[in-house]
Amino acid sequence: MNRVRLYLHRLFRRPAITGPMRLYTRRVPDGVFLDLTDYFEHVIETLTDDEEALALLLEIAEDRGNARQHDGWEPEKLLVEKLALIVGYEVPVREKALGLLIRKLQAAAPGPRVSIPAQREAGAA
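Since the model is a prediction, treat every value here as computed from it, not as a measurement.

1. What about the overall build of the protein?
And step 1. In terms of helices and strands, the protein carries 5 helices and 2 strands.
And step 2. Sequence-ordered secondary structure for the protein, helices as α and strands as β, is α-β-β-α-α-α-α.
And step 3. Of all 125 residues assigned to the protein, the portion counted as buried reaches 21%.
And step 4. Sequence separation of 24 or more characterises 48% of the internal contacts of the protein that already satisfy a separation of 6 or more.

2. Re the nonpolar core
And step 1. Among the nonpolar cores identified, the biggest contains 10 residues, and these are Met 21, Tyr 39, Val 43, Leu 47, Ala 53, Leu 56, Ile 60, Leu 79, Leu 83 and Val 87.
And step 2. Residue assignment for this core shows that the elements contributing at least two residues are helix H2 (37-49), helix H3 (51-65) and helix H4 (76-87).
And step 3. Contacts of Ile 60, omitting those with residues within four sequence positions, involve Glu 76, Leu 79, Val 80 and Leu 83.

3. Some details on the pairing of strand S1 (residues 24-28)
And step 1. Relative to strand S2 (residues 31-35), S1 is paired through 5 bridges, and the arrangement is antiparallel. Paired with Arg 26 across the strands is Phe 33, a residue of S2.
And step 2. Connecting the antiparallel pair S1 and S2 is a turn made up of 2 residues.

4. Topic: the confidence of the model for the protein
And step 1. Looking at the protein as a whole, the pLDDT averages 76, with 66% of positions reaching at least 70.
And step 2. Of all secondary-structure elements in the protein, the lowest mean pLDDT belongs to helix H1 (residues 2-12), at 65, while H2 reaches the highest, 90.

5. Details of the packing of H3 against H4
And step 1. One can describe the packing of H3 onto H4 by two numbers: an axis separation of 9 Å at closest approach and a directional angle of 155 degrees. By the angle between their directions, the pair H3 and H4 is classed as roughly antiparallel. The way H3 lies across H4 gives a crossing that is left-handed. Contacts from Glu 52, Ala 53, Leu 56, Leu 57, Glu 59, Ile 60, Asp 63 and Arg 64 in H3 reach Glu 76, Leu 79, Val 80, Lys 82, Leu 83 and Ile 86 in H4.

6. Notes on helix H5 (residues 95-108)
And step 1. Compared with the 20 Å implied by 1.5 Å per residue over 14 residues, the 21 Å span of H5 between its first and last C-alpha is a close match.
And step 2. Buried within H5 we find Ala 97, Leu 101 and Ala 108. Mapping the buried residues of H5 onto a view down its axis gives an arc of 35 degrees, with all of them on the same face. Opposite the buried face of H5, at more than 90 degrees from it, the exposed residues are Glu 95, Lys 96 and Arg 103.

The rules we used
Residues numbered from 1 in each chain as written. Predicted model: local features only at pLDDT ≥ 70, side-chain atom pairs only at ≥ 80, totals over all residues. Heavy atoms only, no water. Helix = DSSP H or I, 4+ residues; strand = E, 2+ residues; numbered from the N terminus. Buried < 20%, exposed > 50% of the residue type's maximum accessible area, 1.4 Å probe, protein only. Contact = heavy atoms within 4.5 Å. Core = buried A, V, L, I, M, F, W, Y, C linked by side-chain atoms within 4.5 Å. Pairing = 2+ DSSP bridges. pLDDT = per-residue confidence, 0-100. Axes fitted to C-alpha atoms, helices over the stretch in contact; angles between N-to-C directions. Parallel < 35°, antiparallel > 145°, perpendicular 65-115°, else oblique. Left-handed = near helix turned anticlockwise from the far one by under 90°. Expected span 1.5 Å × (residues − 1). Arc of directions from axis to C-beta.

Shown next as structure tokens:
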């Protein structure tokens, strides 16, 4: 059933943000899922088009393949940081898109919104 819902969502979805990267939201009872398909495609394209990024990814895979018992040292961690700098690790949300995303996320927030009145001053009765 969940798979059918996901397929229907992908067929009829409208992006919450259209640029510079499209960002989709899907409401669920207790929150929202952020669909970062455009960012994922950007990562894959960068990895396949940039020889340095691909070499780093392969080096990370090799390090993880040779990993022995965990001793607290993770040599691939530095490589992952270098790769993140090449590929990027942030999805830009700017100007009008920021307001749209805020409204979408507020609408998906579970439960009613409750405003708490300010506390009375200490001397007031």
